[in-house]
Amino acid sequence: MNKNLPKWVDLGLIPLLTLALAFAASGLVVLSIGQNPVEVVQVMLKGALCNPTTDSSCFSGIGHTLYFTTNFIFTGLAVAVAFHARLFNIGGEGQAGVAGVGVALVMLSFDWPNWPIALVVGSLAAMVFGAGWAAIPAYLQAKRGSHIVITTIMFNLIAGALIGYLLVGPMQATGSLPESPTFPEAAALPTFHDMFGWIGLDFDKNAPANITFIMALIAAFLVWVLVWKTRLGYEMRAFGHSEKAAVYAGISPMKITMVAMLISGALSGLMAVNTVQGEAERLVLGAVEGAGFIGIAVALMGRSHPVGVVLAAFLFGILTQGGAELQFALGIPSQMITVIQALIIMFTGSLENLVRIPMEKIFIRAGKGVA
Amino acid sequence: MSGNTENAGRLDAVAPAIELIGISKAFGPVQANKDISMTVAKGAIHGIVGENGAGKSTLMSILYGFYKADSGSVKINGVPTTINDSHDAIAAGIGMVHQHFMLVDNFTVLENVVLGAEEGATLGPSLRKARKVLRQLAEEYELEVDPDALIEDISVGFQQRVEILKALYRQAEILILDEPTGVLTPDEADHLFRILRNLKAQGKTIVLITHKLREIMDVTDTVSVMRRGQMTKTIATATTSPEELAEAMVGRRVLLEVDKKPAEVGETVMQVKNLSVTDMHGVKRLKDVSFELKRGEILGIAGVAGNGQSELLEVIAGIGAATSGEILMHGESIDISKHANAGLRRERGISHVPEDRHQRGLVMPFMTWENTAFGYHNAPEYSGKWGLANQKFMKEDARGKMERFDIRPPIPQLVASHFSGGNQQKIVLAREIERNPDVLLIGQPTRGVDIGAIEFIHQQIVNLRDSGKAILLVSVELDEIQALSDRILVMFDGVIQGERLPENTNEGELGLLMAGVDPEAKP
């Protein structure tokens, strides 16, 4: 919390201004490839937010955006939780990937009576496998001091190789594609179309967004409780600020490192419920699609606060879905959207002082600073 | 608010070495220096005293070119001088010895002296020249240092000499020393003062920033007192007293002595037996240390920083591990292995005010109500159901502690880093003392704490003693040890060099013990 700025400037105005700067810079890039930035924004926003049930010119829209948002909330929360204990978990990609294997294993092992049971067991499997994949780097960090950034990156690569092997080997369905058999139909999760149907409303039948979006919001709330209301969260934050202080207070660095990373891995893992069980209904190669890495940007932009993470995840959901639309409607290559994402990460993450320092000067001069 | 003293009148013929005129400097809303004017005569030793945050360091940083003043001007030897960076300062003949030395540990003394003043493409000629100059300086000023020793291999006292040599090598005529004796034994400090007097005899001008009034009285010719960014007084040292200076620093009368009645010592609470600590590099930090701690006494451990006191505190507090030995609490052995946990120590009735409150004692971005439960946060009264914290009680509790320990401003929602050093220390003390421990470990209770708060903190420690608790006090401030302790142990190089009663010893004897000399072991 900044001592010189009112809260609304610190948490509201500055992120918005940095975002505006990022978009302005992106606009220049768009101009440089001969496209009209205004049109690009229109196409993106419409493509990401439109609703096919009311708009015949809309093909996918909000139902897809919320699907991506779900992924980013989970991976963003994962990075945020670890970050409160000053652990930089770069391994969301691998943890979510291995969690997908866990989900596929349990889904294919039983004849599921209904989706609620499948959801609970699938989520547990995702959390256990995700946490398990985070446990080894966590242990190496806690016990041996191996840097968690290096080990989690290596574990992403190992996870990729492992999943590749499983999908052309033991878990491969009959056929030549590297993918698992399709899960039993009863395990399919309710989509937004189904859920809106329960209350008599209509929603895009093809949208992949499903009940895990609700789970993601609940997870965000629980993370808030964990970090700011529980004694464990208190210990994590204390450890995150100063390991020496933590040891002084009788907080075990080993325990906090393990617990924070296990929770982080479990949150990353839950993403697989959305992609593997909710959408694909089988395990395919590349199910995570980089969401593990986007989670880092989401946590950074959301200042590791659950509300910030949810908002940032929605923004990145819009970018992902809107970006796909750009390619479709204007033929702009998908790399372009990666550039825009990179600019946003750069401005919100590392160039924030560009806005912050002038703002502080303005507010000190205006004498509105609160001490 | 001119700093003209009767001295300056006499030296009219010679322009003053330093003249600061109307210096002001603000950091955001904080006015660190407010319209400060000061004159230092050539060839004088001028002291600047003031509490933490009074603006002494800011003023000197402006003089040395680290900060730029918002207004005001500087004259050096009567010539108006603009100092934008340390290069300008050096060119104007100003040298500075910082509180935290600016030396490269794995360079030799010679390399450090030359660093930044190398001439030519290769080092050889510069080093040869420096070696010659160093030899001359050593003879002139008692500044002997082995030019080929690595900085990491020499003591802090010698490191400080290297800093002084660096300045002299750059032909400084004005030398600023910021809290130079904080890390020195009394003996080393005396040597430093001899050096300063030699420098003065050669016509150098010296500015000494310190919070130790005794040093001001010993060595300076004139002294300026700063308070809240203003210079409240400039006076010839010979015409003032420590009491008068303290009052000018704090703005009210201050009790420099600790008011305490004789100790009523009870039974032994803690026994430390043959404790040894070897660190990760294989260096023995603590060697066979044994002592007993009794109810109702303050046992003071004196010594220069880095002689094993910190390790001793850490082992007893459950933070560090001992290699061998034993600690008994009420006759029962406590865990001193690397599996020891500071939380369990608290349950045993051992509280700890750590030496380093910024890194250990407080979590700086935590709000006060989070800090006042720190370490005890799993105690039943701070705990809610399902692993939640009882935040309502934590806040109430903090409010009470802030009131009883006069912590200002009394706002539980304020984060620790917003408080002054004294108030931060009171937050830690309130937390540890109010647990009503059987044993209180205190390291450097008043480091970085202003005089007004020191009085309060000392009184709290004495009160706890009078309620029959045992207190182990570690401090590098010999005055503090002498004023508070009922019994004094002196540590040197990990060994207890001697035990004295404060009424039967003096600073000279303790100083010798701190330097590893046993005055009673004369042949």
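Thresholds applied
Residues numbered from 1 in each chain as written. Chains lettered and ligands numbered in written order. Predicted model: local features only at pLDDT ≥ 70, side-chain atom pairs only at ≥ 80, totals over all residues. Heavy atoms only, no water. Contact = heavy atoms within 4.5 Å. Buried area = accessible area lost by both parts, 1.4 Å probe. Salt bridge = Lys/Arg side-chain N within 4 Å of Asp/Glu carboxyl O. Polar contact = N/O pair within 3.5 Å; in protein donor to acceptor, adjacent residues only side chain to side chain. Helix = DSSP H or I, 4+ residues; strand = E, 2+ residues; numbered from the N terminus. Nonpolar A, V, L, I, M, F, W, Y, C, P; charged D, E, K, R; others polar. Phe/Tyr/Trp six-rings, centres within 6.5 Å; stacked < 30°, edge-to-face > 60°. Lys NZ or Arg CZ within 6 Å of the ring centre and 35° of its normal. Patch = residues over 30% accessible without salt bridge, like charges linked within 9 Å, V, L, I, M, F, W, Y side chains within 5 Å. Areas by Shrake-Rupley, 256 points an atom, 1.4 Å probe, with all protein chains shown as cover. Pairing = 2+ DSSP bridges. Axes fitted to C-alpha atoms, helices over the stretch in contact; angles between N-to-C directions. Buried < 20%, exposed > 50% of the residue type's maximum accessible area, 1.4 Å probe, protein only. Disulfide = S-S within 2.5 Å. Expected span 1.5 Å × (residues − 1). Arc of directions from axis to C-beta. 1 Å grid on protein atoms, 1.4 Å probe; cavity = no way out; pocket = protein on both sides within 12 Å on 5 of 7 lines; lining within 4 Å. Points joined across faces, edges and corners; volume = space filled by probe spheres on them. Domains from an automatic or database assignment. pLDDT = per-residue confidence, 0-100. Parallel < 35°, antiparallel > 145°, perpendicular 65-115°, else oblique. Left-handed = near helix turned anticlockwise from the far one by under 90°.

(A) Molecular detail of the interface of chain A and chain B. Residue-level contacts link 22 residues of chain A with 32 residues of chain B. Between chain A and chain B, a total of about 2,300 Å² is buried, with carbon and sulfur atoms accounting for 57% of that surface. Three residues stand out in chain A for area buried against chain B, namely Arg231, Tyr234 and Tyr248 of chain A, and they jointly supply 40% of the buried area on that side. Put simply, chain A and chain B have 1 salt bridge between them. Notably, a salt bridge pairs Glu370 of chain B with Arg237 of chain A, separated by 2.9 Å at the nearest N-O pair. Run the count over chain A and chain B and you get 21 residue pairs in polar contact (both at pLDDT 80 or more). Mapped onto the side of chain A that touches chain B, the elements with two or more residues apiece are helix 8 (212–229), helix 9 (231–241) and helix 10 (243–248) of chain A. Considering only residue class, the side of chain A that touches chain B consists of 12 nonpolar, 4 polar and 6 charged.

(B) Local environment of the packing of aromatic side chains. Counted under the stated rule, the structure contains 17 aromatic pairs over all chains. Taking 5.5 Å as the distance between ring centres and 80° as the angle between the ring planes, the aromatic pair formed by Tyr64 of chain B and Phe66 of chain B counts as edge-to-face. Put simply, the rings of Phe192, Phe196, Phe203 and Phe213 of chain A pair up and form one aromatic cluster. Note that Arg161 of chain B overlies the ring of Phe158 of chain B, its terminal NZ or CZ placed 4.4 Å from the centroid. The ring of Trp386 of chain B has Lys385 of chain B lying over it, and the distance from NZ or CZ to the ring centre is 5.6 Å.

(C) Inspection of a nonpolar patch on the surface at higher detail. A contiguous nonpolar surface patch, about 470 Å² in accessible area, is contributed by Ile214, Ile218, Phe221, Leu222 and Trp224 of chain A. Topologically, Ile214 of chain A is positioned in helix 8.

(D) Region of the structure containing the sheet that holds strand 15 (residues 332–333) of chain B. Residue and element names in this part refer to chain B. Pairing is antiparallel across the open sheet formed by 4 strands, whose spatial order is 12-11-14-15. Either end of the sheet is taken by a strand with one partner, and the two such strands are strand 12 (284–294) and strand 15. Of the pairings in the sheet, the one linking strand 11 (residues 268–278) to strand 14 (residues 324–329) comprises 5 bridges and is antiparallel in character. Within strand 14, the residue paired with Met270 across the bridge is Met329. Lying on the sheet, helix 10 (residues 309–317) is in contact with strand 11, strand 12 and strand 14; it crosses strand 12 at an angle near 60°.

(E) Quick peek at the side chain of Gln460 of chain B. Residue and element names in this part refer to chain B. Secondary-structure assignment places Gln460 in helix 16 (residues 451–466). Note on Gln460: relative accessible area 16%, which makes it buried. Setting aside its immediate chain neighbours within four residues, Gln460 contacts Phe405 and Ile433.

(F) Summary view of the state of the cysteines. All names here are of chain A. If you walk through the whole model with that rule in mind, you get 1 disulfide over all chains. In this model, Cys50 is linked to Cys58 through a disulfide, with the two sulfur atoms separated by 1.9 Å. The sign of the S-S torsion, about 65°, decides the handedness of the disulfide formed by Cys50 and Cys58: right-handed. The two residues Cys50 and Cys58 agree in class, both being buried.

(G) Here's a closer look at helix 14 (residues 334–350) of chain A. Residues and elements named next belong to chain A. A rise of 1.5 Å per residue sets the reference length of helix 14, with its 17 residues, at 24 Å; its end C-alpha atoms lie 24 Å apart and thus fit the reference within 8%. Taken residue by residue, helix 14 has Met336, Ile337, Ile340, Gln341, Leu343, Ile344, Phe347 and Thr348 as its buried positions. Down the axis, helix 14 shows its buried residues gathered within 155° of arc, on one side only. Opposite the buried face of helix 14, at more than 90 degrees from it, the exposed residues are Gln335 and Ser350.

(H) Just empty space enclosed by the protein, in detail. For the structure shown, the criterion picks out 5 cavities of 30 Å³ or more. Within this model, the largest cavity holds a volume of roughly 70 Å³. Of all the secondary structure elements, the ones that give two or more residues to the lining of the largest cavity are helix 6 (156–169) and helix 7 (186–201) of chain B. If one sorts the elements of the lining of the largest cavity by residue count, helix 6 of chain B sits on top with 5 residues. For the lining of the largest cavity, the per-class residue count stands at 5 nonpolar, 3 polar and 2 charged. Mapped onto the domain boundaries, the lining of the largest cavity takes at least three residues apiece from domain 1 (1–93 + 174–254) and domain 2 (102–172) of chain B. The calculated volume of the second largest cavity comes to roughly 60 Å³. Forming the boundary of the second largest cavity are Tyr248 of chain A together with Ala317, Ile319, Ala342, Arg345, Arg346, Ile350, Ser351, His352, Tyr376, Glu432 and Leu441 of chain B. Within the residue set of the lining of the second largest cavity, elements represented by two or more residues are helix 11 (342–347) and strand 16 (350–353) of chain B. Among the residues forming the lining of the second largest cavity, the class breakdown is 7 nonpolar, 2 polar and 3 charged.

(I) Local environment of the confidence of the model for chain A. Scored by pLDDT, chain A has a mean of 90; 97% of the residues are at 70 or more. Between the elements of chain A, mean pLDDT differs from a low of 78, seen in helix 15 (residues 353–366) of chain A, to a high of 97, seen in helix 8 of chain A.

(J) Region of the structure containing the packing of helix 2 (residues 37–49) of chain A against helix 13 (residues 306–330) of chain A. All names here are of chain A. The geometry of helix 2 relative to helix 13 is characterised by a closest axis approach of 7 Å and an angle of 115° between their N-to-C directions. On the basis of the axis angle, helix 2 is roughly perpendicular to helix 13. When the axes of helix 2 and helix 13 are compared, the crossing they make is right-handed. Each of Glu39, Val40, Val43, Met44, Leu45, Gly47, Ala48 and Leu49 in helix 2 lies in contact with helix 13, whose residues at this interface are Phe314, Ile318, Leu319, Gln321, Gly322, Gly323, Glu325, Leu326, Ala329 and Leu330. In terms of residue class, the contact of helix 2 with helix 13 is built from 12 nonpolar, 4 polar and 2 charged.

(K) Fine view of the domain arrangement of chain B. Residues and elements named next belong to chain B. The domain architecture assigned to chain B consists of domain 1 (1–93 + 174–254), domain 2 (102–172) and domain 3 (268–514). Facing the 17 residues of domain 1 at the interface are 15 residues of domain 2. Buried area between domain 1 and domain 2, both sides added, is near 1,400 Å², and the carbon and sulfur share of it is 61%. Area buried by domain 1 at its contact with domain 2 is led by Leu175, His191 and Ile195, which between them contribute 28% of it. In this structure, the connection of domain 1 to domain 2 is made through 1 salt bridge. Our count for the contact surface shared by domain 1 and domain 2 stands at 5 residue pairs in polar contact (both at pLDDT 80 or more). Broken down by secondary-structure element, the contributors of at least two residues to the side of domain 1 that touches domain 2 are strand 7 (174–178) and helix 7. Here the element with the most residues in the side of domain 1 that touches domain 2 is helix 7; it accounts for 7 residues. Within the side of domain 1 that touches domain 2, the residues separate by chemical class into 10 nonpolar, 4 polar and 3 charged.

(L) Quick peek at the sheet that holds strand 1 (residues 18–27) of chain B. All names here are of chain B. With antiparallel pairing, the 4 strands of this open sheet are ordered in space as 2-1-4-5. In this open sheet, the two strands that pair with only one neighbour each are strand 2 (30–40) and strand 5 (79–80). Where helix 2 (residues 56–63) meets the sheet, its contacts fall on strand 1, strand 2 and strand 4 (71–76), and the angle it forms with strand 1 comes to roughly 115°.

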